[in-house]
Amino acid sequence: MLLIAVAWISVLLLGGGLALDRTMTGLATRNFDDQLGYMLTAMVGSAELGPDGEVFFNRALGDQRFLEPNSGLYWQISGKGHEDFPSRSLWDRTLKLKGDHFDGNPHVYDSEQFGEERLRIIERSVILPGSPIKWQFAVAASRSDLDAQIRRIRAILIWSFVVLGLGLIAMAAMQTYYGLGPLRRVRRAIADMREGQARRVDEPLPLEVQPLVEEINGLLEHSERQAEEARTHAGNLAHALKTPLTVVMNAATAKADDLSDTVIREAAVMRRQVDHHLARARAVGRRATGLARASVGESAEAVERAVVRLYPHVRFDMDGNREASVAIERQDLDEILGNLIENAAKYGGGSVFVTIDAVPDDPRHCEIWIEDDGMGIPAEAKDKLFARGARLDTGKPGTGLGLAIVRDVAELYGGSITLGESEDLGGLLAVLRLPRAAGK
């Protein structure tokens, strides 16, 4: 930032200095030329022709330097066929004029005909009354005073712009240092958190930096929440595996006759527990990316094709907006819909009806209804079904983890699952609400 500020200040001051130098030197030069122009006009106004055809002045020119030899201010009148009429200040020298053309307007130019004494000459062509000759009137002055004035102007400009540039650079450096001070404080706060001396950035900071601090604190909170979820998952998995492992260990120690059956049964329980926690861990990892997206219609059709093979006697119907998309990974959506549709087919009376986007006016969530024509469940038992291992019908195979997986994965993505009674089929109604994907 400081290097960019120095470069930009230098460019602006250089451009402004050059423009101001041209303006000031131009003004000084024009003022100098105007003074010469006044003298030339006085010469022309005082000039007359004598009896012998020579030019003379009917009144003396006012500047005394025209009478002092080599004074630096000169005049001269030249005409074809006549000797040059010079001022006394020229002494034994003659001005070499550009008199090869007729120019009624004054024109100014520089000349080095006197060696080290550079001249500024103004001249014009004049035809005096009663004379057919073209006369060249010229006034010349040494540029020493003009050059000295220009040098003083440039010296003032250079020192002024140098001081101004250094002041602006110093101000930019101070602004950069103090402006980035809050970021240095944030860096120190993060270092303190890494060393275990703090948990959050709690120091009051300017409004411009506060959003950054809030995002950092939010990221820390998110990381802590994920770490806590990981510890919880690990603890739950360990607790879930502890009981079946104990049963297997006791059966093996006692050399029970049904040891093989016990191992198979408890291994199935443990596998289902592992699947449950893997599904949760998978959902947590995918949720962190924030780019999940899945089509509800495609997922529901895929699940339906798989469930039909398991329950060929069940009739499946689907309605609603099959183009609806939700902010969830496709594999997790298949897991959720697979559990709900399979339960409806397993425990229903032979009919399953799926409605996609049942409440299309909801801009934030997409509701998916799964209905069956079974016996339903009592109202007091609906909440218990979401507990791990809870089952109402123990006569059919299962571990009681399906609805628990559905609830946990849906909640991880910001959704929910509720159970009710189907008005059309009379059985169970599962209402799945998932966050709607952007644009859908």
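Shown above is the structure to which this text applies.
All residue numbers refer to positions counted from 1 along the written sequence of the respective chain. Where local features are concerned, this predicted model is filtered to residues with pLDDT of at least 70; where side-chain atom pairs are given and counted, the filter is 80 or more; whole-chain, interface and lining totals use all residues. Side-chain descriptors were evaluated using all non-hydrogen atoms of the structure, hydrogens and water having been removed beforehand.

A. Representation of helix α3 (residues 181–194) in the model. Under the DSSP-based scheme used, a helix requires at least four consecutive residues in state H or I and a strand at least two consecutive residues in state E, with every element numbered from the N terminus. How far a helix is expected to stretch is found by multiplying one less than its residue total by 1.5 Å. The end-to-end C-alpha separation of α3 is 20 Å, in line with the 20 Å expected for 14 residues at 1.5 Å each. When a residue's accessible area, from a 1.4 Å probe over protein chains only, is under 20% of the maximum for its type it is buried; when over 50% it is exposed; and in between it is partly exposed. Among all positions in α3, only Gly181, Pro182, Val186, Ala189, Ala191 and Met193 are buried.

B. Structural view of the sheet that holds strand β6 (residues 117–126). DSSP bridges decide pairing: two strands pair if at least two such bridges lie between them. If you walk across this open sheet you meet the 5 strands as β4-β3-β7-β6-β5, and the pairing is antiparallel. A single partner strand is all that each edge strand has here, and the edge strands are β4 (82–86) and β5 (107–114). Put simply, the sheet's adjacent strands are angled 25° from each other on average, direction ignored. Where β5 and β6 come together, 6 bridges link them in antiparallel fashion. In the strand pairing of β6, Tyr109 is matched with Ile121. All axes are obtained by fitting lines to C-alpha atoms, using only the stretch in contact for helices, and the reported angles, taken between N-to-C directions, cover 0 to 180 degrees.

C. Expanded view of the sheet that holds strand β12 (residues 365–372). Taken in spatial order, the 5 strands of this open sheet run β9-β11-β12-β14-β13, and their pairing is mixed. The two strands at the open ends of the sheet, each matched to only one other strand, are β9 (315–320) and β13 (416–421). Pairwise comparison of adjacent strand axes, ignoring direction, gives a mean angle of 15° for this sheet. Strand direction decides the pairing type here: β13 and strand β14 (residues 428–435), joined by 6 bridges, are antiparallel. Its bridge partner lying in β14, Thr418 is registered against Val431. Working rule for contacts: check all heavy atoms of both residues, and any pair within 4.5 Å makes them a contact. Sitting on the sheet, helix α6 (residues 296–310) touches β9, β11 (351–356) and β12, and the angle it makes with β9 is about 175°.

D. Quick look at the nonpolar core. The criterion is simple. A nonpolar core is a set of buried Ala, Val, Leu, Ile, Met, Phe, Trp, Tyr and Cys residues joined through side-chain atoms within 4.5 Å. Of all hydrophobic cores here, the largest spans 38 residues; its most connected members are Leu337, Leu340, Ile368, Ile370 and Leu432. At the level of elements, α6, β9, α7 (330–347), β11, β12, α8 (402–412), β13 and β14 are the ones that each hand at least two residues to this core. Here the element with the most residues in this core is α7; it accounts for 7 residues. Discounting residues that sit within four places of it in the chain, Leu337 has contacts with Val296, Ser299, Ala300, Val303, Glu342, Ile368, Ile370 and Leu432. Counting residues in each nonpolar core, the second largest holds 26 residues, with Leu40, Val44, Val55 and Ile150 among its members.

E. How the structure looks around the packing of aromatic side chains. Any two rings among Phe, Tyr and Trp, with Trp reduced to its six-membered ring, count as a pair given centres within 6.5 Å; such a pair is stacked if its planes are under 30 degrees apart, edge-to-face if over 60, and tilted if neither. Taken as a whole and assessed by the stated rule, the structure comprises 5 aromatic pairs. Ring plane angle 35° and centroid distance 5.9 Å describe the contact between Phe57 and Phe85, whose orientation is recorded as tilted. Within this pair, whereas Phe57 is found in strand β2 (residues 55–57), its partner Phe85 is found in strand β4, the two being separated by 28 residues in sequence. Judged by relative accessible area, Phe85 falls into the partly exposed class, the value being 28%. Geometrically, the ring pair formed by Trp75 and Phe85 is edge-to-face, given 5.0 Å between the ring centres and 80° between the ring planes. Placement of the pair is Trp75 in strand β3 (residues 73–79) and Phe85 in strand β4, with a sequence separation of 10 residues. Residue class for Trp75 comes out buried when judged on its relative accessible area of 8%. We count a charge as sitting over a ring when the NZ of a lysine or the CZ of an arginine lies within 6 Å of the ring centre and within 35 degrees of the ring normal. Above the face of the Phe114 ring, Arg93 is positioned so that its terminal group lies 4.2 Å from the ring centre. Stacked on the ring of Tyr177, the Lys or Arg Arg184 has its end atom at 4.1 Å from the ring centre.

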